Amino acid sequence: MTTQATELDPETSRRLATSGSLLVRRRQRWGWLFVSPFLLIFALFLIIPLGYAFRMSLFTSTLAAGTEFTGLANYTRAFTDPLFLEGMLRVLAYGAVMIPTQLIIAIVAALVLDTLTSWASKVTRLLIFVPYAVPVVIGALMWSFLYSPRFGPGATIFDAFGLEAPNLLGPDTIFFSLVNIVTWQWAGYYMVVIYAALRSIDPSIYEAARIDGANGLQTALRIKIPMISSSMVMVVTFALIGTLQFFTEPVVMQSIAQGSIDAAYTPNMYAFSLAFSYSQFNYASAIAFSLGILVFIGSFLFLFLTRKQSGLK
Amino acid sequence: MKSRTSRVVAASAIATLSAAGLAACGESQEASCTNEIINEDATQVSVWAWYPAFDQVVDHFNETHDDVQVCWTNAGQGNDEYTKFSTAIEAGSGAPDVIMLEAEVLSSFTIRDALVDLGGYGVDEIAGNYTEGAWSDVSSGDSVYAVPVDGGPMGMLYRQDILDEYGIAPPATWDEFRTAAEELEAQGAPGVLANFPTNGRAFNQALFAQAGSEPFVYDSSNPQEIGIEVNDDAAGDVLGYWQGLVDDGLVAADDAFTADYNTKLVDGTYAIYLAAAWGPGYLQGLSDTDPDAEWRAAPLPQWDAENPVQVNWGGSTFAVTEQAEDKEASALVAKEIFGNEEAWKIGVEEAALFPLWTPMLESDYFRDLEYEFFGGQKINDEVFLDAAQGYEGFTFSPFQNYAYDQLTEELFEMTEGNKDAEAALDDLQTSLETYAAEQGFTLK
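Residues numbered from 1 in each chain as written. Chains lettered and ligands numbered in written order. Predicted model: local features only at pLDDT ≥ 70, side-chain atom pairs only at ≥ 80, totals over all residues.

Asks: For this particular structure, what's the right way to read the overall build of chain B?
Replies: A tally of regular secondary structure across chain B gives 18 helices and twelve strands. Here chain B has a C-alpha radius of gyration of 25 Å; the compact-globule value for 444 residues is 22 Å, and the two agree. Along the first, second and third principal axes, the C-alpha set of chain B runs to 95 × 50 × 50 Å. The buried share among the 444 residues of chain B stands at 48%. Looking at chain B alone, contacts between residues at least 24 apart form 76% of all its contacts between residues at least 6 apart. (Helix = DSSP H or I, 4+ residues; strand = E, 2+ residues; numbered from the N terminus. Rg over C-alpha atoms; globule rule 2.2 N^0.38 Å. Buried ≥ 20, exposed ≤ 12 C-beta atoms within 10 Å, placed from the backbone. Contact = placed C-beta atoms within 7 Å.)

Asks: Looking at this model, I keep getting lost on the nonpolar core. Mind explaining?
Replies: Side chains of a nonpolar character, in soluble globular proteins, are inclined to be buried together. Counting 202 residues, the largest nonpolar core has Ala 110, Ile 194 and Ile 287 of chain A together with Leu 193, Ala 319 and Ala 334 of chain B as its most contacted members. Here this core takes twelve residues from helix α8 (residues 174-199) of chain A, the largest share from any one element. (Core = buried A, V, L, I, M, F, W, Y, C linked by C-beta atoms within 7 Å.)

Asks: Which parts of the structure should I look at to understand the domain arrangement of chain A?
Replies: When the parts come together, some accessible area is lost, and that loss is often what is quoted as the size of the interface. Residues and elements named next belong to chain A. Each assigned domain of chain A is listed with its residue range as follows: domain 1 (2-57) and domain 2 (75-310). Relative to domain 2, the C-alpha centre of domain 1 lies at a distance of 43 Å. Taken together, the contact pairs four residues of domain 1 with six residues of domain 2. (Domains from an automatic or database assignment.)

Asks: Help me understand the UniProt feature "domain: ABC transmembrane type-1" (unreviewed entry) in chain A in this model?
Replies: The UniProt feature table records "domain: ABC transmembrane type-1" (unreviewed entry) at residues 88-302 of chain A. With 77% helix and 0% strand, residues 88-302 of chain A has end C-alpha atoms that lie 17 Å from one another. (UniProt positions renumbered as here; feature names shortened; annotations may be inferred.)

Asks: Got a minute to help me understand the interface of chain A and chain B in this structure?
Replies: Counting residues at the interface gives 27 residues for chain A, matched by 33 residues for chain B. Broken down by element, the side of chain A that touches chain B gets its largest block of residues, seven residues, from helix α2 (residues 10-57) of chain A. Across the side of chain A that touches chain B, the residue classes tally to 17 nonpolar, eight polar and two charged. (Nonpolar A, V, L, I, M, F, W, Y, C, P; charged D, E, K, R; others polar.)

Asks: Honestly, the domain arrangement of chain B in this entry has me stumped. Any pointers?
Replies: Residue and element names in this part refer to chain B. Split into domains, chain B comes out as domain 1 (43-150 + 314-373) and domain 2 (152-312 + 385-443). The straight-line distance from the C-alpha centre of domain 1 to that of domain 2 is 26 Å. The interface is formed by 24 residues belonging to domain 1 together with 27 residues belonging to domain 2. Elements that contribute at least two residues to the side of domain 1 that touches domain 2 include exactly α4 (106-110), α5 (132-138) and β11 (312-320).

Asks: So what exactly am I meant to see when it comes to helix α9 (residues 233-247) of chain B here?
Replies: Think of an α-helix as 3.6 residues a turn; residues three or four steps apart then line up on the same face. All names here are of chain B. With 15 residues, α9 should reach 21 Å at 1.5 Å per residue; the first-to-last C-alpha distance of 20 Å fits that figure. Turning to α9, its buried residues number three or more, namely Ala 235, Gly 236, Val 238, Leu 239, Trp 242, Gln 243, Leu 245 and Val 246. The inward-facing, buried residues of α9 abut α7 (174-186), α8 (202-210), α17 (400-415) and α18 (421-438). With its phi angle positive at about 70 degrees, Gly 249 sits one or two positions after the end of α9. (Expected span 1.5 Å × (residues − 1).)

Asks: I keep staring at the environment of Glu 433 of chain B and nothing clicks. Help me out?
Replies: All names here are of chain B. Tracing the backbone through its elements, the reader meets Glu 433 in helix α18. As a C-alpha pair, Glu 433 and Ile 226 span 207 residues in sequence and 9.6 Å in three-dimensional space. Discounting chain neighbours no more than four positions away, the residues touching Glu 433 are Ile 228 and Leu 443.

Asks: Would you mind going over helix α12 (residues 327-336) of chain B with me for this structure?
Replies: All names here are of chain B. With seven of ten residues buried, α12 lies mostly within the body of the structure. Those residues of α12 lying buried are Ala 329, Ser 330, Ala 331, Leu 332, Val 333, Ala 334 and Lys 335. Looking at the packing, one finds that the buried side of α12 touches β1 (43-48), β2 (68-73), β3 (98-102), β6 (147-159) and β11.

Asks: I'm lost on the pairing of strand β8 (residues 225-228) of chain B in this one. Help?
Replies: If a strand is regular, its side chains alternate between the two faces of the sheet. All names here are of chain B. The two faces of β8 differ: Ile 226 and Ile 228 on one face are buried, but Glu 225 and Gly 227 on the other face are not. Connecting strand β7 (residues 216-218) to the antiparallel partner β8 that follows it, the hairpin turn spans six residues. The pairing of β8 with strand β12 (residues 442-443) spans two bridges and is parallel. Bridge pairing links Glu 225 to Thr 442 in β12. (Pairing = 2+ DSSP bridges.)

Asks: Would you take a moment to explain the sheet that holds β7 of chain B for this structure?
Replies: To summarise the sheet geometry, strands pair through backbone hydrogen bonds and adopt either a parallel or an antiparallel arrangement. All names here are of chain B. Spatially, the three strands line up as an open sheet ordered β7-β8-β12, and their pairing is mixed. Single-partner strands in this sheet number two, and they are β7 and β12. As paired strands, β7 and β8 are joined by three bridges and run antiparallel to one another. Across the sheet, Phe 216 pairs through a bridge with Ile 228, a residue of β8. Against the sheet, α18 touches β8 and β12, its axis set at about 175 degrees to β8. (Axes fitted to C-alpha atoms, helices over the stretch in contact; angles between N-to-C directions.)

Quick look at the structure:
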């Protein structure tokens, strides 16, 4: 082999080059083999169902007339369907109230806990986080008992003052009752994310700030918050996606507040009832895809607008 | 080199194993019976049902059949089960062989070609074992889509102790019902006379039907055509009556089937529970009952006491699905599982079901049964047998679930004071007509 290597004719060098890329290719083949279990599951549980659902959304199936190919007609219908659009506006309204509320609670709690070092702060941190460890369905069930005009503490407290308890499950109050559940559940989780980001800041920066004469509040607002902006962007993205896909809490509450929460309360619930209660699987797929597209556009826009803060340039 | 080969083997083994695991998930449909199979070699028929004490009925069937065995699963109650069934129909697999369905949803599934016409499997021969009303609910022309099991003739369950305390006689007409409600309020009773749930669904529908409302004209033999008239005068009158009661605060308008509602049923908040024949069983299953409660049953109040009209709320059937492998054996199960006295003894005594099977329905045993819960009252003899006898059947729409959801929404708007009864029913009519047209039906 060495003798041949001394005088390289074009033919050999070509062969060597190919054998080199052959080596790379062989290595790549190994890589594919190792990721194949993941790819298989990824394809089986995500790509194929998505493709199947998209294909379904291109057909229209009615109870009386059977199934036919209708192209994008279901999508035209979805974006002119008042129930879908109302649901969309409703989750946007939830987002407008819920995301800032959760974020403010999470930031304030994280900033306060960050400055304290006593054992009480550790216990408090845990207590704020605990609701996140409660399964969503259980949490919603628990709150629905608390809101209950009969079993709930509200009735007892208002009774003691001779007042009538407000109906927390009425059509006007259900909005804030649901905001309360979600905030209770998720603020702790966001707090932990933000808190972890705060802990990773080099403390010498605070020292420098103190020497420059910054007080606690100024340090928090001018130094800590800007330095954790990438975590904040992530938290808001999570909250945004979660809110647009609002589903579990209203579904659980629906069983005790049927009038206030209808079958199309959120777009996700609408898709669910279309598919499973009214057996309109095709239109439900179209609704689900439309929601997916809007969630994607929403999160993409948000990440684009905050690309400076998140460092995702 | 050797280690390399073994790595390849390991990696491909992982890939194959996970693939095999996934494939196994798809096939593990069988052998998930809640009950024990007594005769392993016999044909197995899978059954979904949610009757109370049904395990005993299944065991009885399996003990008495050598060639067919029932494999029972409780796939949820009402809508929970229908959701699973509906998904299985769409998927083309996963449905049981025999399924418990309420009579009101039968046409919703026949229109999707999900149920077997049992006429060819000897089921029409047992028509004589059921009342005409019950049979008309499961059949259409020559086709029979299910075997009736239990019924829900309606009556009035009331708290004797509460009515006595305020000196009120159990109302026999709806006029008396209103007077009773007014008296109860005038005397400052802590509770109300009754509840009018906006999510009563079949309950609300039954009250309309009592005045002669026929919301749907539909026949499975001509599935593309439907007549809708949910806003007829009868429905309007009944709803107007209830709106008056709700607006005057004489009855409650609480959601039904919630924890709050269940408590109020048994703690004396409602003096009267307008119920179906399965209502006593439902009441007895609730906890925190008032220990001093004295429950009695009486016929449902009437619009015209001279010409009483009987209505039905709920009631269920066994149907055979198109996905059943052995349709002959499945039809046999549907026919025979509740087709004998022993099974019905369990059904009546343990599950508080109201039989539609006439050998039991018309038996002295059933008529003379004394119910301890009702202070030894023979409630079948005094109330429910008459109610069942007068029932002539009812036509539901092939999109009943949607129709009920819309009804609930409109009734809620009404009790909130946003609309009156007439407007609520007119809006319901419009939304159902639109929906039917969207779904490709021709309106009659």
